[in-house]
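Close look at the chain arrangement
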Amino acid sequence: MPVAAVNGQELYYEDSGGHGPVIVFSHGLLMDREMFAPQVAALSDRYRCITWDERAHGETAGDEPPAPFSYYDSANDLAALLDHLGIETAILAGMSQGGFLSLRCALTHPQRVRALILLDTQAGLENPDNMPGYEQMIETWATHGLPDEIADTIAGIILGDGWSGTGAWQDKWRAWQAHNLIAAFQTLVSRDDITEQLSRIYQPSLVVHGDADMAIPMTRAEQLADNLPNAELVVVPGGGHAANLTHPAPVNAAIESFLERLG
């Protein structure tokens, strides 16, 4: 099992290998490295694709409660993973939570970041109107297990309605341990707003956003692209929050075009 023992963590990762430019994919809340399977399949013949499970998620999640952590800690984990693999610079691709940590990595380790691919993410905070509902779902899930009604609600938010792969992700969610769920959610709700710091991120950036994203509205993507000095925005028609997973064709096309222009 490929594991990087860094920062007091054991980070599980997968590495396609090869000599092409490096892309590190960072997943969203409640997801794991496998959400980037469509991108790895499309790109690994020309790019070295690295996926990893973040703290409290996937194979990295432990049987004991993790210490409280922030997305700056996750950004440091990403930089340490690059050190572990002997990689000086990489293109960082992050979906939602993965975008939160990738942006913070660009702020705190700018010399390690060649470019950013920001998928259905934002620089700001959660809509406060949504928080009571989120908190209730997490409390119920952590206390009683994941009922079908909440599993369907979460799937609707992340994956949209009627996607064929939903059941497999719901099975993964049912296997979550309560301490990891609570830790991951606490990191989400306690993060800072970095909108005012975006002007410091000079690297070329691609912002990709589904126009049917129920978790992060399109206005947040527009704001993100407007505030990054060197960014472009691509809209995915009909795409939800995990557009890279449910609508891979237009997302992959946007990523490949951006990568080709990077050279």
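Residues numbered from 1 in each chain as written. Predicted model: local features only at pLDDT ≥ 70, side-chain atom pairs only at ≥ 80, totals over all residues. Heavy atoms only, no water.

Below, the discussion takes up the overall build of the chain. In terms of helices and strands, the chain carries 10 helices and 8 strands. A principal-axis box enclosing the C-alpha atoms of the chain has dimensions of 50 × 40 × 35 Å. Within the chain, buried positions represent 53% of all 263 residues. Between the mean site of the 13 positive side-chain charges and the mean site of the 35 negative ones, the chain shows a separation of 7 Å. (Helix = DSSP H or I, 4+ residues; strand = E, 2+ residues; numbered from the N terminus. Buried < 20%, exposed > 50% of the residue type's maximum accessible area, 1.4 Å probe, protein only. Lys, Arg positive; Asp, Glu negative; His and termini not counted. Charge placed at Lys NZ, Arg CZ, Asp CG, Glu CD.)

This brings us to the side chain of threonine 60. Inspection of the secondary structure assignment puts threonine 60 in the loop between strand 4 (48-52) and helix 2 (71-85). Ignoring anything within four residues of it in the chain, the contact list for threonine 60 reads Glu10, Leu11, Tyr12, Asp53, Glu54 and Arg55. (Contact = heavy atoms within 4.5 Å.)

Here the structure, examined in full by the defined rule, presents 3 aromatic pairs. Between tryptophan 141 and tryptophan 176 the ring centres are 6.5 Å apart and the planes differ by 55°, which places this aromatic pair in the tilted class. One end of the pair, tryptophan 141, is in helix 4 (residues 131-144); the other, tryptophan 176, is in the loop between helix 6 (166-174) and helix 7 (178-189), and 35 residues separate them in sequence. This pair shows no difference in class: tryptophan 141 is buried, exactly as tryptophan 176 is. Over the face of the ring belonging to tryptophan 169 we find lysine 172, whose NZ or CZ atom lies 4.3 Å from the ring centre. The residue whose ring lies beneath arginine 191 is phenylalanine 100, and the NZ or CZ to ring-centre distance is 4.1 Å. (Phe/Tyr/Trp six-rings, centres within 6.5 Å; stacked < 30°, edge-to-face > 60°. Lys NZ or Arg CZ within 6 Å of the ring centre and 35° of its normal.)

With that settled, consider the packing of helix 2 against helix 3 (residues 97-108). Look at helix 2 against helix 3: their axes get within 8 Å of each other, and the N-to-C directions meet at 75°. The pairing of helix 2 with helix 3 is recorded here as roughly perpendicular in orientation. Seen from helix 2, the contacting residues are Tyr71, Tyr72, Ser74, Ala75, Asn76 and Leu78; seen from helix 3, they are Gln97, Phe100, Leu101, Arg104, Cys105 and Thr108. Residue classes in the contact of helix 2 with helix 3 are distributed as 7 nonpolar, 4 polar and 1 charged. (Axes fitted to C-alpha atoms, helices over the stretch in contact; angles between N-to-C directions. Parallel < 35°, antiparallel > 145°, perpendicular 65-115°, else oblique. Nonpolar A, V, L, I, M, F, W, Y, C, P; charged D, E, K, R; others polar.)

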